[in-house]
Amino acid sequence: MFRRLRLAVVFGGDKRREGAVIESTTNPRSWKSYEKVAEDIAASLKRLGCRHIELFPDDMRLGENLRAFDAHLAWLNSGGVQGHCSVAHAPAMLELFGIPYVGHDPITAAILDSKHVFKRQVSAVGIPTAQFCVWQPGISPNDPTRDLAFRHAFVGYSGPFIVKPTSGRASLHVTYVEHADGLADVVREIYEITRNHVLIERFLGGREFCVAAAGPVIHRHGRIERLNGPFVFSLLERKLDASEKVFTSMDVKPITGERAFEIDPAIEPGLHNDLTKLAQRIFLELGIETLIRADIRADEAGNLYVLEANPKPDLKMPGTGVTSLVCIGLPKLGMTYDDLIMSILADRIDVLLSERRGVADRLARLI
């Protein structure tokens, strides 16, 4: 199939470029092109044997570009261009075009990127998450503590809190607030930046973790394997400095091996097992079909709570001075970066051909 497959890797379109959009609007979610990561993915696929690969921006010219390229499959590496649900735009367009893709379906992408909706989903299936409420422009009072939703969520609790955008990336604008009296100013500040809902969450004072999860079909040692359940890997602790209440944005302070390191199952088997089960539950209960990275925090007693699940974990190729959270644990599993890329592709093709019949006929004809 690789000899004939025509694969398009899609990165974030830039609304400032001529022909990208009809009218430039807002970006509640901080924009980034991810073009360099798309180049890493494309280079890996070429090393794996895929002969026909092109990169295209996720903008309103995408359909014409895919038609001209005669794409059989697209790999989505985009957070969108603009608008309040930008991560869902590319998968929705591809479903309209009839092009199968590597990535989350539109509704899953939207749920994962909307932190308040994600938290409601996991709460509904009994997965623990930090207490929270949502400040909604035009509905909620200027002082969140006067909101009935706030009082219901935080009965008898006055702080500390974490305040953050409901849609975002790289921990941008995530703010620690010591007491409820300080919430109004911070909520207003975040709203002025994002023009979107604002999430108010109970601060958890324990350790911080992140865990990657993907589908059960993986590639290593030159072979395709099928696991009995979701592939959970790169179970990491994110080390906080003495001055940090929350993990500093990677845009401000790049991630290094000193700031994120593996949980050793030989030293902490219980924690490793609990994090694995929690990631598997998220993946299965929410019907997720491709790679995510779950962010998890412990309270002071060590109880684990899911904070969010990143729908587009960073897939840049690790190297000198370059760290990717989802790649840190791969060597101990006998896997390389190329193995991870092949695993994501193979698992998605498996889902498309076995569970999404009728949406990937062009792929099926290549086999």
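What counts as what
- Residues numbered from 1 in each chain as written.
- Predicted model: local features only at pLDDT ≥ 70, side-chain atom pairs only at ≥ 80, totals over all residues.
- Heavy atoms only, no water.
- Axes fitted to C-alpha atoms, helices over the stretch in contact; angles between N-to-C directions.
- Helix = DSSP H or I, 4+ residues; strand = E, 2+ residues; numbered from the N terminus.
- Parallel < 35°, antiparallel > 145°, perpendicular 65-115°, else oblique.
- Contact = heavy atoms within 4.5 Å.
- Pairing = 2+ DSSP bridges.
- Buried < 20%, exposed > 50% of the residue type's maximum accessible area, 1.4 Å probe, protein only.
- Polar contact = N/O pair within 3.5 Å; in protein donor to acceptor, adjacent residues only side chain to side chain.
- Core = buried A, V, L, I, M, F, W, Y, C linked by side-chain atoms within 4.5 Å.
- Salt bridge = Lys/Arg side-chain N within 4 Å of Asp/Glu carboxyl O.

Student: What is the right way to read the packing of helix 4 (residues 106–113) against helix 5 (residues 115–124) from this model?
Tutor: The angle between the axes and the distance between the axes are what describe a pair of packed helices. Two elements in contact, helix 4 and helix 5, have axes separated by 5 Å at closest approach and are oriented at 100°. In this view, helix 4 runs roughly perpendicular relative to helix 5, as classed from their interaxial angle. Of the residues in helix 5, those touching helix 4 at Ile111, Leu112 and Asp113 are Lys115, Val117, Phe118 and Gln121.

Student: What's the story with the sheet that holds strand 7 (residues 175–177) in this structure? I'm lost.
Tutor: The strands making up a sheet associate through hydrogen bonds between their backbones, and the pairing can be parallel or antiparallel. Here we have four strands laid out as an open sheet, ordered 5-8-6-7, and antiparallel in their pairing. At either margin of the open sheet sits one strand with a lone partner, and together these are strand 5 (132–135) and strand 7. Strand-to-strand twist of the sheet, defined as the mean angle between neighbouring strand axes without regard to direction, takes the value 25°. Where strand 6 (residues 161–165) lies against strand 8 (residues 198–202), five bridges are found, and the strand directions are antiparallel. When the bridges of strand 8 are listed, Ile162 appears paired with Glu201. Along the sheet, helix 5 contacts strand 5, strand 6 and strand 8; its crossing angle with strand 5, the most-contacted strand, is approximately 145°.

Student: Help me understand the side chain of Asn310 in this model?
Tutor: Here Asn310 is to be found in strand 15 (residues 304–310). Overall, the relative accessible area of 18% leaves Asn310 in the buried class. Polar contacts involving the side chain of Asn310 include one to the main-chain amide nitrogen of Lys312, which spans 2.8 Å. Residue contacts for Asn310: discarding those within four places in its chain leaves Leu291, Ile292 and Arg293.

Student: How do you make sense of the environment of Glu258 when you look at a structure like this?
Tutor: Its place among the elements puts Glu258 in the loop between strand 12 (231–238) and strand 13 (260–262). Glu258 gets classed as exposed once you look at its relative accessible area, which sits at 63%.

Student: Just to check I follow, could you spell out the nonpolar core for this structure?
Tutor: Side chains that are nonpolar tend, in soluble globular proteins, to be buried together. Core analysis: the largest hydrophobic core is formed by 37 residues, its most contacted members being Leu7, Leu45, Trp75, Phe233, Leu315 and Leu345. Elements that contribute at least two residues to this core include exactly strand 1 (6–12), helix 1 (35–48), strand 3 (73–77), strand 9 (208–214), strand 12 and helix 9 (337–355). In terms of residue count, helix 9 provides more of this core than any other element does, eight residues in total. Other than its neighbours up to four places away in sequence, Phe233 contacts Val211, Ala212, Ala213, Ala214, Leu291, Val326, Leu330, Leu333 and Leu340. Counting residues in each nonpolar core, the second largest holds 26 residues, with Ile111, Phe118, Val232 and Leu235 among its members.

Student: How do you make sense of the pattern of salt bridges when you look at a structure like this?
Tutor: Side-chain pairs of opposite charge can arise whenever the charged atoms involved come near each other. Summed over the entire model, instances satisfying the criterion amount to 25 salt bridges. For Arg16, the salt bridge goes to Asp14, with nearest N and O atoms at 2.8 Å. Of the charged contacts, one joins Arg293 and Asp295 as a salt bridge, the two residues approaching to 3.1 Å between their closest N and O atoms. Accessibility classification places Arg293 together with Asp295 in one group, the buried group.

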